[in-house]
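Single-letter residue listing:
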Amino acid sequence: MSHLTCKFIPAILATCALAFSLSPTFATISPNTDFHPPIKLNQISHPKAAPSIADIDNDGRLDLIVGEFRRGPYQSSPVHFYRNIGTFQKPRFAKPTLLRTSNSIVQTPSFCNSGSSAQFIDFTGNGKKDLICTATHRTNFAGQIQLYPHSQNAQFSPPSTFIYTQSKYPQKQFGYNRYVHVADWNSDGRLDLIIGARSRILFLQNIGSTKLPKYAPPIEITADNKTLNKPGMAPHIADWNSDGRLDLIIGKSDGSVTWCKNLAAKGKPKLGPEQTILPPVSNTTFKRKRHEPRLAGTSRGRHAQIAIADLNADGKPDLIVGDLQREVVTRPPLTPAEQNAEGQAKILYK
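The shown structure was predicted, so the numbers you read here are calculated from the model rather than taken from an experiment.

**Section: the overall build of the chain**
Helix and strand content of the chain: 2 helices and 28 strands. Residue burial in the chain is summarised as follows: out of 350 residues, 48% are buried. If you take every contact in the chain between residues at least 6 apart in sequence, the share linking residues at least 24 apart comes to 52%. Carbon and sulfur atoms form 53% of the exposed surface of the chain, whose accessible area is close to 16600 Å².

Structure below.
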């Protein structure tokens, strides 16, 4: 009898954009021709990897930060820091270390396939990049958003929870399996929240100030006047087609990545129809015998979580995708002695 073991093998793949046709008024995006083959960035496995790109140590080079999901219903999920020890044009990442606060490591409560996702942005308005993480309340499993203010040397102050979703907005249940992106979505100079919540994407407008944010009730985001209704949507806000306007890019649980072009000239975005950047993934389970080389981690998986940055300083946006794959390993058949020991164990614990 052969034995099977199952492992979750996530990968972080950087898909670097090739040149596409640009003029002052339009850009042509063709996902079949605009990307180099993906490059694997991470050195260790991060379950349900959630990448972010930022220069958090202020050395002029973009670093890689990865949130993850720790298996188990009540485990906390850490955030890993890959320091860029290469150059701005050719990044090379050191072995990861854990992001830290002044007295502990950064780790967020997680539950049921919902881990930590990280974003770095000057949230407090002091010129330093703070850390925004998603978390899950341990009692009622409501989604939380935590702020870790930047202190010094890629370290952060202890967190404060500034959005407690279930108590603030009971009419719009975000659930524990959700994603957040902070951006000035309506171009009013204040940072808003874009939240992927179960099967929808919500906009929470900041009606307070930069230093004292206050959020209006959530509004569901539509594209081409249609609801975005797919499971596991991870939103990201960026100028994808380089026209000076913020677009919506979405990673999905089927492994696909889509984008919605911002058609508005200014102010609150008006989104056009979804367009495919990366298609869904059909196979994310890899089978091999124990002595054979690992196959998982060499291609895209499911649960796409994305970051967008000019990773190689060529003036074009690159796509960084974290995902999740499964590997089934077949072990050799048990020897007669092992079969006898297994039988004795079953009798003993019957």
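There's more to say after this.
**Re the sheet that holds strand β21 (residues 234–238)**
Strand order across the open sheet formed by 4 strands is β21-β22-β23-β24, with antiparallel pairing between neighbours. Each edge of the open sheet carries a strand with a single partner, namely β21 and β24 (271–278). On average, adjacent strands in this sheet sit at an angle of 25° to one another, irrespective of strand direction. Relative to strand β22 (residues 247–251), β21 runs antiparallel, the two sharing 5 bridges. Each residue of the ladder has a partner; that of P235, found in β22, is I250.

**Comments concerning the pairing of strand β4 (residues 50–54)**
Among the 5 residues that make up β4, 5 are buried, leaving the element largely enclosed by the rest of the structure. Residue alternation in β4 divides its side chains into two sets, A50, S52 and A54 and P51 and I53, and both sets are buried. With 5 bridges connecting them, β4 and strand β5 (residues 63–67) associate as antiparallel partners. Looking at the pairing, S52 lines up with I65 of β5.

**A closer look at the pattern of salt bridges**
Tallied over the entire structure, the rule returns 6 salt bridges. Across the pair D59 and R61 runs a salt bridge whose closest N-O atoms are separated by 2.9 Å. A residue is classified by how much of its surface remains accessible, and R61, at 25% relative accessible area, is partly exposed.

**Details of the packing of aromatic side chains**
This structure, assessed with the given rule, holds 1 aromatic pair. For the pair F120 and F156, a centre-to-centre distance of 5.8 Å together with 45° between the ring planes defines the contact as tilted. Of the two residues, F120 is situated in strand β10 (residues 118–121) and F156 in strand β13 (residues 155–156); the sequence distance between them amounts to 36 residues. The pair formed by F120 and F156 is uniform in burial state, with each residue classed as buried.

**Things to note about the environment of L248**
Summarising the element assignment, L248 is placed in strand β22. It is 6.7 Å that separates the C-alpha atoms of L248 and A238, two residues lying 10 residues apart in sequence.

**Some details on the confidence of the model for the chain**
Overall, the prediction assigns the chain a mean pLDDT of 75, with 67% of residues at 70 or greater. pLDDT under 50 marks residues 1–10. Its contacts with residues more than four places away, or in other chains, come to 45 contacts.

Reading the values: rules and limits
Residues numbered from 1 in each chain as written. Predicted model: local features only at pLDDT ≥ 70, side-chain atom pairs only at ≥ 80, totals over all residues. Heavy atoms only, no water. Helix = DSSP H or I, 4+ residues; strand = E, 2+ residues; numbered from the N terminus. Buried < 20%, exposed > 50% of the residue type's maximum accessible area, 1.4 Å probe, protein only. Contact = heavy atoms within 4.5 Å. Areas by Shrake-Rupley, 256 points an atom, 1.4 Å probe, with all protein chains shown as cover. Pairing = 2+ DSSP bridges. Axes fitted to C-alpha atoms, helices over the stretch in contact; angles between N-to-C directions. Salt bridge = Lys/Arg side-chain N within 4 Å of Asp/Glu carboxyl O. Phe/Tyr/Trp six-rings, centres within 6.5 Å; stacked < 30°, edge-to-face > 60°. pLDDT = per-residue confidence, 0-100.

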